[in-house]
Amino acid sequence: MADITISSAVRSNLNALQSTSQLMSSVQEKLATGKKVNSALDNPNSFFTAKGLENRAGDLSNLLDDMGQSVQTLKAADKGIEAISDLVDAAKAKANQAQQTSSQSERNKYAKEYNELLTQIEDLAKDSGYKGKNLLGGTGNDLSVTFNEDGTSSLSISSVDYTDTTLSTGLNLSDLTEASSGTSAITLTNGTTTAALTGGSLLTADDEFTAGDTLTFTDSNGTEISTLEVTATTTVDDLEAAIDAVDGASASLSGNTLTTTSDFKLSISSSNSGFNSNAALTTNGTDSGFATDSAIESSLSSLKSAQDTLRSQASTFGTNLSIVENRQDFTTALINTLEEGAGKLTLADTNEEGANLLALQTQQSLASTSLSLAAQADQNVLRLF
């Protein structure tokens, strides 16, 4: 190419075409990428400044994802506390129901239901996790949320342990004792045969029974359940029936021994001091944790404390949730600001670049025409030959 000689006019027009072509290539790249700075060669200062802003926006975007997961973990714990609060209210209802009845059998039933509610509270706390993190699960479940790219801004959220209701650092609710059945035997001592005792008169069955005696059935609170008036016609069957009529108790006669079975401590006393000298008049059953009014009041007090604990913890988690959500919104806005700043340094004005391309196309067309004219001038020389 160096050996080829062209005229000055042709060379000038050729250089113009080459320059226009380079400019068109640059403008087309800007339009294709949407950026006026595509590499450090275009503008080193703008390129590296924008790169730094974009890198920070990317780091914050990753942290934003972590914040979103932390929000879900806090929401799971909050839902768990809400459900546990409902179960605590149900346990309070059982305690109030027990307080409204004097039947030890019913109180034992409510005690069992109370214990089942505590078991459900523990199970619910265990199920309140999100992606392996459970703020109601105790040790090892603390949550740390990082807010900025260098880790200097963060929030530590301590977990609580509601998976064991008996923990003093948690709900401090203990399972109630459930009543167990026991027995008591009354031996009819006059030697009467079994056949005679069945349906026989109490007066002839045992010298400790006399006409006019009053048998009183009481529970461990000393609460009178029922009474039986002994008359000349009162039979052993009548005594059995009186015991059977007590909720949670039953009686059976074997030989000359009448055995009483109850699912609570049932005592039988008489106005006859001779009868009361018998040492086996109280069944050896175990009372439930709701057997006494004072025990029920104690449970209600514990439930109130547990409810206060739950409300306080819900408030703490709620505050933490507000902080994380606020930082989430702030981080989203900051990412937008960083990306907008990077864009101001690198993004092209497509309207302007479109106009530039149109102008360059016109200029290229004119340069091509001019080159053609210059070449024609050189060709005129050939006509002289």
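Structure: above.
Residues numbered from 1 in each chain as written. Predicted model: local features only at pLDDT ≥ 70, side-chain atom pairs only at ≥ 80, totals over all residues. Heavy atoms only, no water.

A. Just the overall build of the protein chain, in detail. Broken down by element type, the protein chain carries nine helices and eight strands. Burial status across the protein chain gives 37% buried among its 385 residues. Here the protein chain has roughly 20000 Å² of accessible surface; of this, 48% comes from carbon and sulfur atoms. (Helix = DSSP H or I, 4+ residues; strand = E, 2+ residues; numbered from the N terminus. Buried < 20%, exposed > 50% of the residue type's maximum accessible area, 1.4 Å probe, protein only. Areas by Shrake-Rupley, 256 points an atom, 1.4 Å probe, with all protein chains shown as cover.)

B. How the structure looks around the nonpolar core. Within the largest apolar cluster, 46 residues are counted, with the highest numbers of intra-cluster contacts made by Ile84, Leu136, Tyr162 and Phe290. Secondary-structure elements contributing two or more residues to this core are helix 2 (44–99), helix 3 (104–126), strand 1 (143–146), strand 2 (154–157) and helix 8 (293–346). Broken down by element, the residue count for this core peaks at 15 residues, all from helix 2. When neighbours within four sequence positions are excluded, Phe290 is seen to be in contact with Lys94, Ala95, Ala98, Arg107, Tyr110, Ala111, Tyr114, Leu176, Ile296 and Ser299. With 20 residues, the next largest nonpolar core counts Phe217, Val230, Ile243 and Phe264 among its residues. (Core = buried A, V, L, I, M, F, W, Y, C linked by side-chain atoms within 4.5 Å. Contact = heavy atoms within 4.5 Å.)

C. Structural detail: the pairing of strand 4 (residues 214–218). Summarising burial for strand 4: four of the five residues are buried, a large majority. Pairing between strand 4 and strand 5 (residues 224–229): five bridges, direction antiparallel. Along strand 5, the bridge assignment pairs Thr216 with Thr227. Here strand 4 hands over to strand 5 after five residues, with Gly222 in that stretch at a positive phi of 80°. As paired strands, strand 4 and strand 8 (residues 267–270) are joined by four bridges and run antiparallel to one another. Paired with Thr216 across the bridge in strand 8 is Ser269. (Pairing = 2+ DSSP bridges.)

D. Molecular detail of unusual backbone geometry. If you check the backbone angles, Lys131 has positive phi at about 55° while not being a glycine. Mapped onto the elements of the fold, Lys131 is located in the loop between helix 3 and strand 1. Judged by its relative accessible area of 67%, Lys131 falls in the exposed class.

E. Summary view of helix 6 (residues 236–244). By the burial criterion, the buried members of helix 6 are Val236, Leu239, Glu240, Ala242 and Ile243. Projected down its long axis, helix 6 shows its buried positions confined to an angular sector of 160°, all on one face. Where helix 6 starts, the residue carrying a side-chain oxygen 3.3 Å from the main-chain nitrogen of Asp237 turns out to be Thr235. (Arc of directions from axis to C-beta. Polar contact = N/O pair within 3.5 Å; in protein donor to acceptor, adjacent residues only side chain to side chain.)

F. Here's a closer look at the pattern of salt bridges. Applying the stated rule across the entire model yields four salt bridges. For Asp308, the salt bridge is made with Lys304, and the minimal N-O distance between the two is 3.3 Å. Taken together, the residues span about one helical turn, with Asp308 and Lys304 both in helix 8 at a distance of four residues. (Salt bridge = Lys/Arg side-chain N within 4 Å of Asp/Glu carboxyl O.)

G. Focus on the packing of helix 2 against helix 8. The N-to-C vectors of helix 2 and helix 8 enclose an angle of 165°; their axes lie 7 Å apart at closest approach. With respect to their mutual orientation, helix 2 and helix 8 come out roughly antiparallel. In this structure, helix 2 crosses over helix 8, and the sense of that crossing is left-handed. (Axes fitted to C-alpha atoms, helices over the stretch in contact; angles between N-to-C directions. Parallel < 35°, antiparallel > 145°, perpendicular 65-115°, else oblique. Left-handed = near helix turned anticlockwise from the far one by under 90°.)

H. Geometry of the side chain of Ser128. Structurally, Ser128 can be placed in the loop between helix 3 and strand 1. On the basis of relative accessible area, Ser128 is assigned to the buried category, the value being 6%. Looking at Ser128, its side chain comes within polar contact range of the main-chain oxygen of Leu124, at 2.9 Å. The contact partners of Ser128, leaving out residues within four places of it in the chain, are Ala76, Ala77, Gly80, Asn134 and Leu136.

I. Molecular detail of the packing of helix 2 against helix 3. The contact between helix 2 and helix 3 brings their axes to 9 Å, and the two run at 175°. As judged from the angle between their axes, helix 2 and helix 3 are roughly antiparallel. The residues of helix 3 that touch helix 2, namely those facing Gly80, Ala83, Ile84, Leu87, Val88, Ala90, Ala91, Lys94, Gln97, Ala98 and Gln99, are Arg107, Tyr110, Glu113, Tyr114, Leu117, Gln120, Ile121, Leu124 and Ala125. Of the residues that constitute the contact of helix 2 with helix 3, the class distribution is 13 nonpolar, four polar and three charged. (Nonpolar A, V, L, I, M, F, W, Y, C, P; charged D, E, K, R; others polar.)

J. Expanded view of the packing of aromatic side chains. Evaluated as defined, the whole model comprises one aromatic pair. Both rings, one in Tyr114 and one in Phe290, keep their centres 5.5 Å apart while their planes meet at 70°; by these two values the pair is edge-to-face. Of the two residues, Tyr114 sits in helix 3 while Phe290 sits in the loop between helix 7 (273–276) and helix 8, which places them 176 residues apart along the sequence. For the pair shown, Tyr114 and Phe290 are each scored as buried. (Phe/Tyr/Trp six-rings, centres within 6.5 Å; stacked < 30°, edge-to-face > 60°.)

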